[in-house]
Each structure stands twice: as C-alpha cells, then as structure tokens.
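Coordinate analysis (summary)
Below are the chains, spelled out letter by letter.
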Amino acid sequence: MSNIETLTFDNISLGHTKIFSIKITEEILKKFAAISGDFNPLHMDEKYAKNTQFNKRICHGMLLASFFSRLIGMYIPGKQALYFSQSLNFISPCFIGDTVKVTGTVTKKTSATKMLTIKTEIHNQNNDCIVNGVAKVIVRE
C-alpha cells in the first residue's frame, strides 16, 4: 500500500491531481460482497448475469466508489482528510478483469472552511468514464 500524504490546505493548489490504477479481480469482488452483504446475482452469478443486458457479471458500483475513499484518505489531502460529501454517477459497467484508473483533481478551495472540492472520476482501460462525481473534503489542521 502506498504511503499516506500529509498535505495541508495551504500546500494544495487548484489543479492538484492524483491518479492510481487497480485491476478488478474475482477476489476483490468476493471480499466486497462479504463486507457489504451485497450478493446480488448481477455481481455474483455468471449464469444469471449472462441473461442480462450486460451479458456477464458486473462489478458493484459502490466497490468502485470505495476507491474514492482511498483517493481522499491517502492522497488528497491524505492524513488530514475529513470526508464531507461525495456525489456519484454510475455511467457504464465495470467487469472482472478490467483495470480502472481513479483520478481526483482539486477544482475549488474554500479558505473559510478549509474545504476542497475535488472532481472524482474512474475510467476503464478503454478510457471510458464509468463513474464520476464530486467530493468535498475538509482539510483538518
């Protein structure tokens, strides 16, 4: 696991970006299902999923969204993060075997509240955006 960043509000500038990638595996899907309790057959049953519009199992949207927690808690700003809110748009499916790229870019800083607004996106290996949203994060002193 990567080292945690210790960025302060003052040393984060507009446009500050962090990107990391992760491969979606069967093991990750099973662990997420066990933790979340979401064993929906669209995610867990190949036979069932084969008869849907996706033709195969898809990754839990909230599993993908959980990578935004890593983005905030480990990188922007890292140690000083206090997650305030996150909007989510699930745009396209993600499949087992896909490699996803998680990106966060600081788009606004509010000095009075020490709050960052961060554009959050996840793209697959074809560079299709599959999840996006906006995070608001307080940078603790």
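Use the structure listed above.
Let me begin by describing the structure that accompanies this report. (Residues numbered from 1 in each chain as written. Predicted model: local features only at pLDDT ≥ 70, side-chain atom pairs only at ≥ 80, totals over all residues. Heavy atoms only, no water.)

What to know about helix α4 (residues 61-75)
For clarity, the cut-off: Counting from the N terminus, the helices are DSSP H or I runs at least four residues long and the strands are E runs at least two residues long. One fewer than the residue count of a helix, multiplied by 1.5 Å, yields its expected span. Note on classification: 1.4 Å probe, protein chains only; a residue is buried when its accessible area is under 20% of the maximum for its type, exposed when over 50%, partly exposed between these limits. Should any heavy atoms of two residues lie within 4.5 Å, those residues are counted as being in contact.
Taking 1.5 Å of rise per residue, the 15 residues of α4 would be expected to cover 21 Å, and the 22 Å separating its terminal C-alpha atoms lies within 8% of that figure. Taken together, the buried positions of α4 are occupied by L63, L64, A65, F67, F68, L71, I72 and Y75. Contacts from the buried residues of α4 go to β1 (17-23), α1 (26-36), β2 (81-86), β4 (99-110), β5 (115-123) and β6 (129-139).

Here's the deal with the nonpolar core
The test is simple: Grouping buried Ala, Val, Leu, Ile, Met, Phe, Trp, Tyr and Cys residues that are joined through side-chain atoms within 4.5 Å yields what is termed a nonpolar core.
Within the largest apolar cluster, 30 residues are counted, with the highest numbers of intra-cluster contacts made by I24, L64, F67, V100, L116, I118 and I122. Tallying contributions element by element places α4 first for this core, with seven residues. Residues within four places of L64 in sequence aside, it is in contact with I24, C59, C94, V100, I122, I130 and V131.

Notes on the pairing of β4
Within a regular beta strand, the side chains point alternately toward one face of the sheet and then the other, so they alternate between its two faces. Our working rule: A pair of strands is treated as paired once DSSP finds two or more bridges between them.
Pairing of β1 with β4 involves seven bridges; the strand directions are antiparallel. Paired with S21 across the two strands is K101, which belongs to β4. As paired elements, β4 and β5 share nine bridges and run antiparallel to each other. When the bridges of β5 are listed, K109 appears paired with L116. From the end of β4 to the start of β5, which pair antiparallel, there are four residues, and K114 there has a positive phi angle of about 55°.

Focus: α1
One turn of the α-helix equals 3.6 residues, which is why residues spaced by three or four share an orientation. What counts here: Each direction from the helix axis to a C-beta atom contributes to the arc, which is the arc of those directions.
For α1, the set of buried residues is L29, F32 and A33. The buried residues of α1 occupy one face: seen down the axis, they fall within an arc of 100°. In α1, the exposed positions that point more than 90 degrees away from the buried face belong to A34 and I35. Two residues or fewer past α1, G37 is found with a positive phi of approximately 80°.

Digging into the pattern of salt bridges
Working definition: two side chains of opposite charge can pair if their charged atoms are close together. Threshold: Take a side-chain nitrogen of Lys or Arg and a carboxyl oxygen of Asp or Glu: if they are within 4 Å of each other, that pair is a salt bridge.
Taken as a whole and assessed by the stated rule, the structure comprises four salt bridges. A salt bridge links R57 to E26; the shortest N-O distance between them is 3.0 Å. Of this pair, R57 sits in the loop between α3 (46-50) and α4 while E26 sits in helix α1; the two residues are 31 residues apart in sequence, bridging distant segments of the chain. With a relative accessible area of 8%, R57 lands in the buried category. Two residues, K31 and E27, come together in a salt bridge whose shortest N-O distance is 3.1 Å. Separated by four residues within a single helix, K31 and E27 lie in helix α1, roughly one turn from each other. Look at the salt bridges and you will find they share partners, linking E26, K30 and R57 into a network.

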